[in-house]
Amino acid sequence: MIASIDYVKQKFAEYNELCFGGKLNPLPFRLSRARTFLGQLRFRRRPCGKGTWQYSDFVFVISTKYDYPEAEIEDTILHEMIHYYILSNQIQDTAPHGKVFRQIMNDINRRFHRNISVTHRRTKEEQDKDTEVRQHLVCVIRLKSGKTGITIAARTRLFQLWDRLPRVPEIAECKWYVSTDPYFNRFPRAISLKVYPIPSDEINAHLSGAQPLERHGNTIRVKKTDC
């Protein structure tokens, strides 16, 4: 199913009473077409000294990009409600999914037979359904171990990754391409060093229409080929 605002509000009210004793205050709900998350709690924070933060301006966001099973959407709503409970009560957890979050998550899973998890991992079926044509900046990496991998660069980090990836001791070679193959939609766009191991034959199968890139000083462009 694809969630609606009314559905999310209904489930929020239901689980607020059932799992949180009705203690969560109403907040704005938004729909998104994001492909990188199913649910998200947005907020502002400001430092309060000694490593603590004050949280405010909460917004509850659900993506309508893909069709998910209802149980998974419910678990996602509960996941974000745990974040909201912790942050709105100004509880300082050890990490975004730290000790407090996991204690509450495990308690709800046990008491109400839910399957809330720390992260949502898209299945291969979900990945294959993402056929939207987008441009990707792909670095194909050959490791010294003989294995291969890829990094999909965020456009704002292209120059940084172009410089830094060859300096990684385990990397033997980097080749850059621009591609619109939907296969690469399944990988997040990197803003830091992150290599995803992929069999070389699988990568090559999706580079048939890709264009190699080259760098000249402060310019990165499609490599010219001899006619």
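Worth saying up front: this structure is predicted, and the values here are computed from it rather than measured.

Criteria and cut-off values
Residues numbered from 1 in each chain as written. Predicted model: local features only at pLDDT ≥ 70, side-chain atom pairs only at ≥ 80, totals over all residues. Heavy atoms only, no water. Pairing = 2+ DSSP bridges. Helix = DSSP H or I, 4+ residues; strand = E, 2+ residues; numbered from the N terminus. Axes fitted to C-alpha atoms, helices over the stretch in contact; angles between N-to-C directions. Contact = heavy atoms within 4.5 Å. Buried < 20%, exposed > 50% of the residue type's maximum accessible area, 1.4 Å probe, protein only. Polar contact = N/O pair within 3.5 Å; in protein donor to acceptor, adjacent residues only side chain to side chain. 1 Å grid on protein atoms, 1.4 Å probe; cavity = no way out; pocket = protein on both sides within 12 Å on 5 of 7 lines; lining within 4 Å. Points joined across faces, edges and corners; volume = space filled by probe spheres on them. Nonpolar A, V, L, I, M, F, W, Y, C, P; charged D, E, K, R; others polar. pLDDT = per-residue confidence, 0-100. Parallel < 35°, antiparallel > 145°, perpendicular 65-115°, else oblique. Left-handed = near helix turned anticlockwise from the far one by under 90°.

One open sheet holds the 3 strands; their spatial order is β1-β3-β2, and the pairing between them is mixed. The two strands at the open ends of the sheet, each matched to only one other strand, are β1 (29-32) and β2 (39-49). Between one strand axis and the next, the sheet turns through 35° on average, direction left out of account. Of the pairings in the sheet, the one linking β1 to strand β3 (residues 52-63) comprises 4 bridges and is parallel in character. In the strand pairing of β3, phenylalanine 29 is matched with phenylalanine 60. Sheet strands in contact with helix α1 (residues 5-20) are β1 and β3, and its direction is about 135° off that of β1. With respect to the sheet, helix α2 (residues 70-88) is in contact with β2 and β3, its orientation differing from that of β3 by roughly 160°.

On to the side chain of histidine 136, then. Tracing the sequence through the fold places histidine 136 in strand β4 (residues 136-143). With a relative accessible area of 0%, histidine 136 lands in the buried category. A polar contact of 2.7 Å, which involves the side chain of histidine 136, links it to the side chain of asparagine 185. In this structure histidine 136 touches Ile152, Tyr177, Val178, Ser179, Asp181, Phe184, Asn185 and Arg189, once residues within four positions along its chain are discounted.

The space that makes up the second largest pocket amounts to roughly 170 Å³. Surrounding the second largest pocket, Val140, Ile141, Arg142, Thr148, Glu173, Lys175, Tyr177, Ser200, Ile203, Asn204 and Leu207 form its lining. Here the residues of the lining of the second largest pocket are counted per class, giving 5 nonpolar, 3 polar and 3 charged.

In this model, the protein carries a mean pLDDT of 89, and residues with pLDDT of at least 70 account for 94%. Element-level mean pLDDT values for the protein span from 56 in helix α4 (residues 124-129) up to 97 in α1.

This part covers the packing of α2 against helix α3 (residues 99-112). Contact geometry of α2 with α3 gives a least axis separation of 10 Å together with a crossing angle of 135°. Comparing their axes, α3 and α2 come out oblique. When you trace α2 past α3, the crossing you get is right-handed. Of α3, the residues touching α2 (which contributes Leu78, His79, Ile82, His83, Tyr85 and Ile86) are Val100, Phe101, Ile104, Met105 and Ile108. The residue makeup of the contact of α2 with α3, split by class, is 9 nonpolar, 2 polar and no charged.

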